[in-house]
Amino acid sequence: EGRKMTMERVDLTVVCSGALTDMTVLAPDRACTLIPLTSDGKPAPAVVIGDHDRLSQVITNLLGNVVRHTPPGTPAEIAVGPVGENAVVEVRDHGPGVSDQDAQKVFRRFYRADTSRNRETGGSGLGLAIVSAIIERHGGTVRMLHTPGGGATVRIELPALLSDATDA
């Protein structure tokens, strides 16, 4: 908190692609894919003005949660692309999911659900609070949703740099 951010053009599609490459090393037993959110199903840049390192930290934290809180081998995907005036990222898992009650609280500091999402020792309860703080500092929103077919989806929406979306 309070650390200076270096604001620059950041393509979230590139950030997510890099994070998935890291994920294949961290969890080679998981099928991890990058999918477009555009209506035509084609990959598109999702450009924002933001701090590249902090936005990378967000995606890394979310993928770390997938590894920690879902059974081994559980697939995950990141859906990314421009949606209206926003750049949207959805980190989706196909694990046990998060209850509606917990979904309202998971972004609070030190909150830990005491369900199957806390395998072994669980975490400190700060990961999603950090994600929320970084996204808020970028003028965006983050929320927990249900993944169709089962699991948890974290949806991030950030103001898009629209001119780059059409120039790319």
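The preceding data block contains the structure.
Bear in mind the structure is a predicted one, so any value in this text is a computation, not a measurement. (Residues numbered from 1 in each chain as written. Predicted model: local features only at pLDDT ≥ 70, side-chain atom pairs only at ≥ 80, totals over all residues. Heavy atoms only, no water.)

Quick look at the sheet that holds strand β4 (residues 76–83)
Filter applied, for reference: Any two strands are treated as partners once DSSP identifies two or more bridges connecting them. Per the convention used, a helix needs a DSSP run of H or I reaching at least four residues, while a strand needs a run of E reaching at least two, with both numbered from the N terminus. For helices, the fitted line uses only the C-alpha atoms of the stretch in contact; every axis is such a line through C-alpha atoms, and the angle between N-to-C directions lies from 0 to 180 degrees. By definition, residues are in contact when any of their heavy atoms lie within 4.5 Å.
On the basis of which strands lie adjacent, the open sheet formed by 5 strands has the order β2-β4-β5-β7-β6 and mixed pairing. At either end of the open sheet lies a strand with only one pairing partner, and these are β2 (32–36) and β6 (141–146). Strand-to-strand twist in this sheet, taken as the mean axis angle between neighbours without regard to direction, amounts to 20 degrees. Relative to the sheet, helix α4 (residues 127–137) contacts β6 and β7 (152–159), its axis offset from that of β6 by approximately 135 degrees.

So, α4
Note the threshold: Residue burial is assigned from relative accessible area. The probe radius is 1.4 Å, only protein chains are included, and a residue is buried under 20% of its type maximum, exposed over 50%, and partly exposed in between.
The set of residues buried in α4 consists of L128, A129, V131, S132, I134 and I135. Among the structural elements, α2 (52–69), β6 and β7 are those in contact with the buried residues of α4. Immediately beyond the C-terminal end of α4, within one or two residues, lies G139, with a positive phi of roughly 80 degrees.

Re the pattern of salt bridges
Think of it this way: side chains of opposite charge can pair up when their charged atoms draw near. Put simply, the test is: Salt bridges, as used here, are contacts in which a Lys or Arg side-chain nitrogen is within 4 Å of a carboxyl oxygen on Asp or Glu.
Overall, the coordinates contain 5 salt bridges when judged by the stated rule. A salt bridge links R155 to E90, with the shortest nitrogen-to-oxygen separation between them at 2.4 Å. Placement of the pair is R155 in strand β7 and E90 in strand β5 (residues 86–93), with a sequence separation of 65 residues. For R155, a relative accessible area of 15% translates into the label buried.

Section: empty space enclosed by the protein
What counts, and what does not: Within this scheme a cavity is a closed region of a 1 Å grid, computed over the protein atoms alone, that accommodates a 1.4 Å probe without allowing it to escape, whereas a pocket is open but has protein on both sides within 12 Å along at least five of seven lines; lining residues each have an atom within 4 Å of a point. Grid points are joined across faces, edges and corners, and a volume is the space filled by probe spheres set on the points. When residue character is reported, Ala, Val, Leu, Ile, Met, Phe, Trp, Tyr, Cys and Pro are called nonpolar, Asp, Glu, Lys and Arg charged, and the others, Gly included, polar.
This structure, assessed with the given rule, holds 1 cavity of 30 Å³ or more. What lines the largest cavity is simply L12, L55, V58, I59, V89, I135, I156 and L158. Contributing elements (two or more residues each) for the lining of the largest cavity: α2 and β7. Counted by class, the lining of the largest cavity contains 8 nonpolar, no polar and no charged residues.

Quick look at the nonpolar core
Formally: Here, nonpolar core refers to any group of buried Ala, Val, Leu, Ile, Met, Phe, Trp, Tyr and Cys residues whose side-chain atoms link them within 4.5 Å.
Among the nonpolar cores identified, the biggest contains 39 residues, and L12, I59, V89, M144 and I156 are the most heavily contacted of them. Those elements that provide at least two residues to this core are α1 (12–26), α2, β4, β5, α4, β6 and β7. The greatest single-element share of this core, amounting to 7 residues, is contributed by α2. Those residues in contact with I59 that sit more than four places away from it in its chain are V15, C16, A19, I78, V89 and I156.

A few points about the side chain of E90
Put simply, the rule reads: Between N or O atoms, a polar contact is any pair within 3.5 Å; within protein, one atom must be a potential hydrogen donor and the other a potential acceptor, and residues adjacent in sequence are included only when both atoms are from side chains.
Its relative accessible area of 8% is what places E90 among the buried residues. Side chain to side chain, E90 and R155 meet in a polar contact 2.4 Å long. Other than its neighbours up to four places away in sequence, E90 contacts E77, I78, A79, T153, V154 and R155.

Keep in mind these values describe shape, not function.
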